[in-house]
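# Topology and contacts: notes
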Amino acid sequence: TMPSTGYQNGTDIGLYIDGTLISYGTSHDFEVTMETRDASNKDSAGWAEKREGQRSWTASGEFIFAEDAAYSFDDLFTLVNARTQITVKISTEVAGDLAYSGSAYLTSLSKSAPNEDTVSFSASFEGTGALTKVTLT
């Protein structure tokens, strides 16, 4: 397979837990942030000065609920209930594409069951430690 080219279709990106795709994803979000630390001083002429601080990352997703899904709401509930540290990967699984991966905790899990509509659920993950960027082989 060749690496992806051109504009990327969001449908091609999956959210993986310990190497297994969470079933029936409809959207995913991924955020990397860096805090800043104050370095203002009497020579700053009244302007705030900042320096680099800690980096962190989060991932989240929306999914369609299915009782028989290969990796489902119930699997995620088991993780959060046991407070299990997991590996989260955001990836197309296409050789040559970039993927991001790191250790995380499942920090939020919610299920929505609207009247006469599709049942869905949301999951949020907070990274712990370094996030890695790898080229898939």
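Residues numbered from 1 in each chain as written. Predicted model: local features only at pLDDT ≥ 70, side-chain atom pairs only at ≥ 80, totals over all residues. Heavy atoms only, no water.

## Examining the pairing of strand β1 (residues 14–17)
By the alternation rule, side chains of β1 split into Gly14 and Tyr16 and Leu15 and Ile17, which are all buried. Two elements, β1 and strand β2 (residues 20–21), share two bridges in a ladder whose sense is antiparallel. Residue pairing in the sheet places Ile17 in a bridge with Thr20 of β2. Adjacent in sequence and paired antiparallel, β1 and β2 are bridged by two residues, among which Asp18 carries a positive phi angle near 50°. (Buried < 20%, exposed > 50% of the residue type's maximum accessible area, 1.4 Å probe, protein only. Helix = DSSP H or I, 4+ residues; strand = E, 2+ residues; numbered from the N terminus. Pairing = 2+ DSSP bridges.)

## Concerning the side chain of Lys89
Summarising the element assignment, Lys89 is placed in strand β5 (residues 85–91). In terms of polar contacts, Lys89 uses its side chain to reach the side chain of Glu93, at 3.0 Å. Apart from residues no more than four positions distant in its own chain, Lys89 is found in contact with Gly14, Leu15, Tyr16, Ala99, Tyr100 and Ser101. (Polar contact = N/O pair within 3.5 Å; in protein donor to acceptor, adjacent residues only side chain to side chain. Contact = heavy atoms within 4.5 Å.)

## Quick word on the packing of aromatic side chains
According to the stated counting rule, one finds five aromatic pairs in the structure shown. Its end group placed over the ring of Tyr16, Lys89 keeps NZ or CZ at 5.3 Å from the ring centre. Positioned above the aromatic ring of Phe65, the side-chain terminus of Lys111 is 3.9 Å from the ring centre. (Phe/Tyr/Trp six-rings, centres within 6.5 Å; stacked < 30°, edge-to-face > 60°. Lys NZ or Arg CZ within 6 Å of the ring centre and 35° of its normal.)

## A few points about unusual backbone geometry
In this structure, Asp18 is a non-glycine residue whose phi angle is positive, near 50°. Classification of Asp18 as partly exposed rests on a relative accessible area of 48%.

## Some remarks on the nonpolar core
Counting 19 residues, the largest nonpolar core has Leu15, Ile17, Ile22, Leu76, Val88 and Phe125 as the members making the most contacts within it. Elements with a contribution of two residues or more to this core: β1, β4 (50–64), α1 (73–82), β5, β6 (98–112) and β7 (120–135). Ignoring anything within four residues of it in the chain, the contact list for Ile17 reads Ile22, Tyr71, Leu76, Leu79, Ile86, Thr87, Val88 and Phe125. (Core = buried A, V, L, I, M, F, W, Y, C linked by side-chain atoms within 4.5 Å.)

Read these as geometric descriptors, not functional statements.
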